[in-house]
Amino acid sequence: ALVTSTEMMSKADKNGYAIGAFNVENMEMVMAVIKACEELNSPAILQTTPSTVKYAGLDLYVANVAAAANKASVPIALHLDHGNSFELAMQALKAGYTSIMIDGSKEPFEDNIAVSRKVAEACKPNGIPVEAELGKVGGKEDDLECNDPGYTDPDDAVKFVEETGITSLAVAIGTAHGIYKGEPKLDLDRLTEIRKVVNIPLVLHGASGVPDETVKECIKRGISKVNFATELRIAYSDGIKDYLKDNPQAFDPKKYDAAGMEKVTELVKKKIRVCGSENKA
Ligand code: 13P
Ligand code: ZN
Ligand code: NA
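First, a word on scope: everything that follows refers to the structure included in this document. All figures in this text were calculated on a predicted structure; none of them were measured in a lab. (Residues numbered from 1 in each chain as written. Chains lettered and ligands numbered in written order. Predicted model: local features only at pLDDT ≥ 70, side-chain atom pairs only at ≥ 80, totals over all residues. Heavy atoms only, no water.)

## Quick look at the coordination of the zinc ion (ligand 2)
Basically, it comes down to this: The donor set covers N, O and S atoms within 2.8 Å of the metal, switching to 3.2 Å for Na, K and Ca, and it leaves out water, so a site may look short of donors. Only DSSP runs of H or I covering at least 4 residues are called helices, and only runs of E covering at least 2 are called strands; the numbering of each starts at the N terminus. Accessible area is worked out with a 1.4 Å probe on protein chains only. A residue is then buried under 20% of its type maximum, exposed over 50%, and partly exposed in between.
The zinc ion (ligand 2) binds to the protein through H82 (NE2), H177 (NE2) and H205 (ND1), with metal-donor distances spanning 2.0 to 2.1 Å. Counting gaps between the donor residues of the zinc ion (ligand 2) yields the pattern H-x94-H-x27-H. Here H205 lies in the loop between β10 (202-204) and α9 (212-220) and H82 lies in strand β3 (residues 76-83), a separation of 123 residues in the sequence. Here H82 and H205 have matching classes, each one buried.

## Brief notes about the packing of aromatic side chains
Keep this limit in mind: The pairing test for Phe, Tyr and Trp rings, Trp by its six-membered ring, is centres within 6.5 Å, and the orientation test on the planes gives stacked under 30 degrees, edge-to-face over 60, and tilted for anything in between. Look at NZ for Lys and CZ for Arg. If either is within 6 Å of the ring centre and within 35 degrees of the ring normal, a charge sits over the ring.
Considering all chains together, one arrives at 2 aromatic pairs under this definition. A centroid spacing of 5.7 Å and a plane angle of 15° characterise the contact between F22 and F228, whose relative ring orientation is stacked. One end of the pair, F22, is in strand β1 (residues 19-23); the other, F228, is in strand β11 (residues 223-228), and 206 residues separate them in sequence. Of the two residues, F22 and F228, neither departs from the other in class, the shared state being buried. Judged by centre distance (6.3 Å) and plane angle (35°), the ring pair of F109 and F160 falls under tilted. Here F109, found in helix α6 (residues 109-123), pairs with F160, found in helix α7 (residues 154-164); they are 51 residues apart in sequence, far enough to count as distant. Looking at F109, the relative accessible area reads 23%, which means it is partly exposed. We note K118 situated over the ring of F86; from NZ or CZ to the ring centre the distance is 4.2 Å.

## Details of α7
Keep this limit in mind: Picture the helix axis, draw a direction to every C-beta atom, and the arc is the one those directions span. Residues count as neighbours in contact if any of their non-hydrogen atoms are within 4.5 Å of one another. For the purposes of these results, a polar contact is taken to be a pair of N or O atoms within 3.5 Å, where, inside protein, one atom must be able to donate a hydrogen and its partner to accept one; residues adjacent in sequence count only when each atom of the pair is a side-chain atom.
Of all the residues in α7, the buried ones are P154, A157, F160, V161 and T164. Buried residues of α7, seen end-on, are gathered within an arc of 110° and therefore sit on one face of the element. Residues D155 and E162 are exposed on α7 and point more than 90 degrees away from its buried face. Here the buried face of α7 lies against α6, β5 (130-134), β8 (168-171) and α8 (188-197). The N-capping residue of α7, defined by a side-chain oxygen 3.1 Å from the backbone nitrogen of D155, is D153.

## A look at the site of ligand 1
Heads up, the rule is: Note on definitions. A residue lies near a molecule or strand when any single heavy atom of the residue is within 4 Å of it. Areas reported here follow the Shrake-Rupley algorithm with a probe of radius 1.4 Å; residue values treat only the protein chains shown as occluding. Note on residue classes: Ala, Val, Leu, Ile, Met, Phe, Trp, Tyr, Cys and Pro are nonpolar, Asp, Glu, Lys and Arg are charged, and everything else, Gly too, is polar.
Taken together, 16 residues lie around ligand 1, and D81, G206, S208, A229 and T230 are the ones closest in. At 2.6 Å, a side-chain N or O of D81 approaches an oxygen atom of ligand 1. With respect to ligand 1, the side chain of H177 contributes an N or O atom lying 3.0 Å from an oxygen atom. In the complex, the protein chains occlude 100% of the 310 Å² of accessible area that ligand 1 would expose alone. Secondary structure elements with two or more residues in the shell around ligand 1: β3, β9 (176-177) and β11. Considered class by class, the residues forming the shell around ligand 1 number 4 nonpolar, 10 polar and 2 charged.

## Re the environment of T230
Along the polypeptide, T230 turns up in helix α10 (residues 230-246). Taking the C-alpha atoms as reference, T230 lies 8.6 Å from G209; in sequence the two are 21 residues apart. Contacts of T230, omitting those with residues within four sequence positions, involve G178, I179 and S208.

## Describing the nonpolar core
As a reminder of what qualifies: What makes a nonpolar core is a set of buried Ala, Val, Leu, Ile, Met, Phe, Trp, Tyr and Cys residues whose side-chain atoms join them at distances within 4.5 Å.
In terms of nonpolar packing, the biggest core is built from 76 residues, with L169 and V226 touching the most fellow members. Examining the composition of this core, we find that 8 residues originate from one element, helix α2 (residues 27-40), more than from any other. In contact with V226, other than residues within four places in its own chain, are A18, I19, G20, A21, L204, A207, V215, I219 and C275.

So yeah, pure geometry; function would need other evidence.
Quick look at the structure:
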């Protein structure tokens, strides 16, 4: 069923596992991710960034995800990832997204508070949870590039959560969007400090390329939503590329998309196991 992310995240937060949040681009990726969730009896969040929304429109993602989720045996939430304006957040809310992120992390602290609070206040009467970000996750996510990453300060985080009324907080502890050149160096002690003082679920962005054991350690220290985007895009594209290399005269999208979907399902099952959300539906 299509549900909000509230209950699945609070259950994960209480029980020491995390919900995988998987970025999808099209109907095929939606189907592939939900298939993995059903096979492992896991809840999940499917999410789209602003550039993905620009590609097909909020309504197409709502229709696709709702149709697939409503016949699935597991809870699925549809989340706006890195919402970059109050207006887009409101459009997603109206369109039927069941979870929303407003990302004001590149703005000055007070401006980030203001926009995050505005979105949280607008979503609250509708029972829609709101994620916001404090500190800057590095790397490039679609159109959003960040070359000067900055860590989340625990004291600022307390103030930020209090003043905004958000329901989950994305933290910057050294991860970056995209694949890493070397091994990422994470400030795990900082995560522990934030967890001690912040009482809402914490979100890890940029998980593609982070070793499984490191993601697990982050979950142990209090992360309850983990975002995976780049690795899914690569898996989908690689599946299609391999198929077309072996079958250069193929012209049926059902055939090559199936190859891409298989790779996505396989990868998402691995990530669900890393998150520990298997059999938590
Ligand atoms: P990756 O592309 O590194 O998986 O980051 C995903 C993300 O944080 C989406 O918001
Ligand atoms: Zn992100
Ligand atoms: Na990454």
